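Remarks on the overall topology
Listed here are the chains, written in short residue letters.
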Amino acid sequence: MDDLYREQILEHYKRPHNFGRLEDADLDFEDTNPFCGDEQHLFIKLDDEGRVSEVSFEGKGCAISTAATSMLTDELQGMSREELIRLPKEFVLDLLGIDISATRMKCALLGLKIVKSASLGSSADWDDEGRPGDPSEASTAGI
Amino acid sequence: MATASVTSPAGSRSIDEIRAEFPILERRVNGQPLAYLDNGATAQTPLQVLEAMDRYWTEHNANVHRGVHTLSEEATNLYEGARATIARHLGANPRDVIFTRNVTGALNLVAHAWGRANVGEGDRILLTEMEHHSNIVPWYLLAKEVGAELDWVPVDDEGRLDIAALEGALERGPKLIAVAHISNVLGTVNPIADIVRLAHDAGAIAVVDGAQAAPKLPLDLAALGADFYGFTGHKLYGPTGVGVLYGRSEVLEAMPPYEGGGSMIRKVTKERITWADVPARFEAGTPPIAEAIGLAAAVEWLEGVGLAAAHAHEAELGAYALERLADVPGLRVFGPPAGDDRVGIVSLEMKGVHAHDVSEILDRHAIAVRAGHHCAQVLMDRLGVAATTRASLAVYNTREEIDRLIDALHDVRRVFELG
């Protein structure tokens, strides 16, 4: 039994959920893991109340980054931008359910960083634990 | 099985004897003996080099070119002696050998000092698609600053430079061509003497990134005629923190300073500063003294093994690796086939598995390789990949380590259920 590459991780890597583009997204953000150059592009559609109604992502990445973002996108339905911005790292790490070494941490957190960046309308910090603030002041999509 | 050996004019040393000079190679990682195949990033350092640096620190440490006390004189002699050793190794005059912090430092020095004096608006700078970022970014910065244009020599499908395209690009009259002697991703040995000649015929200077070549090939820089040639210590069995920039005398003599500071001046008054002679003009501040001594010791160590013998061993091992890799399903192996223009640097992509995951699983087998874009994103784009896994060989590597690499790649397939 492989710990890091357990079945669920490989399943999400080989067949990522919510994979593809959303052409009429309300929020989107693209970012890179500076360590390896991997890119992910995330798209979010919001409903009338400003909550996530649809989410998707695309890009190239390793098993860890792809699985992490795939799992994360499964959980975002119904969240407000404020809630997205405040998601802690542990949210993703718990979803992965495996020990992540320091060198692979950015792989695990790339998707979360992009979710927060899309919600903020600007690049979020890697260590961002959720910033208070009025999300309505954040500019939208793809800056 | 007979023990492999390296035979050189200096004698014959078995690989086991060579390995014994590298204590780190006895390390175990994840419970298994280390197979260090990341030499293109950093090679390991033999005891002879560590001892040379240790001796400096414990017996001679002082600043150079300053005091008249005994230790300072000893340190100066050791430092300048290191320059002389390296110059002899390169077939160069010591005056033409500048110590830098690494090859990045060497290339930035050229881009700043030569580039700002000689490249202006509308001028062209010729690069190749296989360059490391250290031989792209300094030129990009220069081009942005002065309004120059970058041109690119393409890489063909086998991983060689398109020399016809290079000749065509030279017809546009670039001020310089910046080119790697050996690609850090593909292991391609570029026909550097031909490129230098073509550049000179077109009125361009040639700046050569020798980071991967200096540890592997005998060099005669005076005969090669390159205007600048840079390399780094830590890929040549030496320490980090030191590199070398060789420059052709006429070019160096005419070149203005790079960084300002101590050592690089002749006289400083409030009104006027005059510059020190070459090479001191380009070595502002206290240099990496112990590291320069270490690099010279590394050069002597490599000469003791014999560059030709080391190269033959690595070439044989590289060819063996290419042959074995061809039998692993789902692998795309980059670079030219085994031959005179290919060294033991092997980049690969396993279909369906990201390079980082390959590397992670290899590490479980105590096999150290590099995964990523190798600071060569222009080349990654050309190859159509985001990242590759790279094994890069050194003189102390063995067939057994290649066999372990192959077995571990099969394990990657097993973990990722690739059948």
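As the structure is a computational prediction, the values presented were derived from the model and not from experiment. (Residues numbered from 1 in each chain as written. Chains lettered and ligands numbered in written order. Predicted model: local features only at pLDDT ≥ 70, side-chain atom pairs only at ≥ 80, totals over all residues. Heavy atoms only, no water.)

1. Examining the overall build of chain B
We apply this condition: Secondary structure elements are defined from DSSP: runs of H or I of at least 4 residues count as helices, runs of E of at least 2 residues count as strands, and each element is numbered from the N terminus. The atom set for the radius of gyration is the C-alpha atoms, and the globule formula is 2.2 Å times the number of residues raised to the power 0.38. Each residue's exposure class comes from its accessible area (1.4 Å probe, protein chains only) as a fraction of the maximum for that residue type: buried when under 20%, exposed when over 50%, partly exposed otherwise. Contact criterion: two residues are considered in contact whenever any of their non-hydrogen atoms come within 4.5 Å of each other.
The number of helices and strands found in chain B is 14 helices and 19 strands. Its C-alpha radius of gyration of 22 Å places chain B within 12% of the 22 Å reference for a compact globule of 419 residues. If one aligns the C-alpha atoms of chain B with their principal axes, the spans along those axes are about 75 × 55 × 35 Å. Counting all 419 residues of chain B, 57% fall into the buried class. Of all intrachain contacts in chain B linking residues separated by at least 6 positions in sequence, the fraction that spans at least 24 positions is 70%.

2. Details of the overall build of chain A
Our working rule: Exposure was quantified through the Shrake-Rupley algorithm and a 1.4 Å probe, taking into account, for residues, occlusion by the shown protein chains and nothing else.
Each helix and strand in chain A was counted, giving 5 helices and 3 strands. From first element to last, N terminus to C terminus, chain A shows the α and β order α-β-β-β-α-α-α-α. Residues classed as buried in chain A amount to 51% of the 143 residues present. For chain A, contacts bridging at least 24 residues in sequence account for 60% of all contacts bridging at least 6. With the model as given, the accessible surface of chain A reaches about 6600 Å², and the carbon-plus-sulfur share is 47%.

3. Topic: the interface of chain A and chain B
To keep things clear, this is the line we draw: By salt bridge we mean one thing: a side-chain nitrogen of Lys or Arg within 4 Å of a carboxyl oxygen of Asp or Glu. As used in this structure description, the phrase polar contact means that two N or O atoms lie within 3.5 Å; if the pair is within protein, one of them must be able to donate a hydrogen and the other to accept it, and residues adjacent in sequence are counted only when both atoms belong to side chains. Any residue outside Ala, Val, Leu, Ile, Met, Phe, Trp, Tyr, Cys, Pro, Asp, Glu, Lys and Arg is labelled polar, Gly included; the first ten of those are nonpolar and the last four are charged.
With 19 residues of chain A in contact, the opposing surface of chain B contributes 16 residues. Taken together, the links from chain A to chain B amount to 3 salt bridges. Of the charged contacts, one joins Lys14 of chain A and Glu417 of chain B as a salt bridge, the two residues approaching to 3.9 Å between their closest N and O atoms. For the pair chain A and chain B, the interface holds 8 residue pairs in polar contact (both at pLDDT 80 or more). Elements supplying a minimum of two residues to the side of chain A that touches chain B: helix H1 (7-14) and helix H2 (63-73) of chain A. At 4 residues, H1 of chain A tops the list of elements feeding residues into the side of chain A that touches chain B. Split into classes, the residues belonging to the side of chain A that touches chain B amount to 11 nonpolar, 2 polar and 6 charged.

4. Re the state of the cysteines
All names here are of chain A. Put simply, the rule reads: The term disulfide is used for any two cysteine sulfur atoms that are within 2.5 Å.
By the definition in use, this model includes 0 disulfides over all chains. Not engaged in a disulfide, the cysteine Cys62 finds its nearest cysteine sulfur in Cys107; these two sulfurs lie 3.9 Å apart. Here Cys62 falls in the buried class, since its relative accessible area comes to 0%.

5. So, the pairing of strand E7 (residues 124-128) of chain B
Residue and element names in this part refer to chain B. Convention followed: Following DSSP output, two strands are said to pair if at least two bridges run between them. By convention, a crossover is right-handed whenever its connection, traced from the first strand over the helix to the second and viewed with the strands pointing away, goes clockwise.
Burial runs high along E7: 5 of the 5 residues are buried. Across 5 bridges, E7 lies against strand E8 (residues 149-153) in parallel orientation. If you follow Leu126 over to E8, its bridge partner there is Asp151. For the crossover from E7 across helix H5 (residues 137-146) to E8, the handedness is right-handed. Pairing of E7 with strand E9 (residues 176-180), which is carried by 2 bridges, proceeds in the parallel orientation.

6. Remarks on the sheet that holds strand E19 (residues 388-392) of chain B
All names here are of chain B. Quick reminder of the rule: Axis lines are fitted to C-alpha atoms, over the contacting stretch for helices. Their N-to-C directions set the angle, which ranges from 0 to 180 degrees.
In spatial order, the strands read E15-E16-E19-E18; together these 4 strands make up an open sheet with antiparallel pairing. Because the sheet does not close on itself, it has two edges, and the strands there are strand E15 (331-333) and strand E18 (370-372). Shown here is a sheet whose adjacent strand axes are inclined to one another by a mean of 30°, direction ignored. Both strand E16 (residues 345-350) and E19 contribute to a ladder of 4 bridges, which runs antiparallel.

7. With respect to the nonpolar core
We apply this condition: Joining through side-chain atoms within 4.5 Å is the link that ties buried Ala, Val, Leu, Ile, Met, Phe, Trp, Tyr and Cys residues into a set, and such a set is a nonpolar core.
The biggest cluster of nonpolar side chains holds 88 residues, and the ones touching the most others in it are Ile86, Tyr237 and Tyr396 of chain B. Top contributing element to this core by residue count: helix H10 (residues 289-305) of chain B, with 12 residues.

8. Concerning the confidence of the model for chain B
The line we're drawing: Here pLDDT means the predictor's own confidence in every residue, given as a number from 0 to 100.
When pLDDT is averaged across chain B, the result is 96; 98% of the residues are at 70 or more. For this predicted complex, the interface score ipTM comes out at 0.81, alongside a pTM of 0.91.

9. Describing the pairing of strand E12 (residues 243-247) of chain B
Residue and element names in this part refer to chain B. Most of E12 sits out of view: 5 of its 5 residues are buried. Side chains Gly243, Leu245 and Gly247 project from E12 onto one buried face, and the interleaved Val244 and Tyr246 project onto a second face that is buried too. Sheet topology places strand E6 (residues 97-100) next to E12; 4 bridges connect them, and they run antiparallel. Bridge pairing links Thr100 to Gly243 in E12. Note that strand E11 (residues 228-232) and E12 share 5 bridges and pair antiparallel.

10. Thoughts on the pattern of salt bridges
All names here are of chain B. Here the structure, examined in full by the defined rule, presents 33 salt bridges over all chains. Put simply, Arg390 and Asp38 hold a salt bridge, and the shortest N to O gap is 3.7 Å. In this pair, Arg390 sits in strand E19 while Asp38 sits in the loop between strand E5 (35-36) and helix H2 (47-60), placing the two residues 352 residues apart along the sequence. Across the pair, Asp38 and Arg390 agree in class, each one buried.

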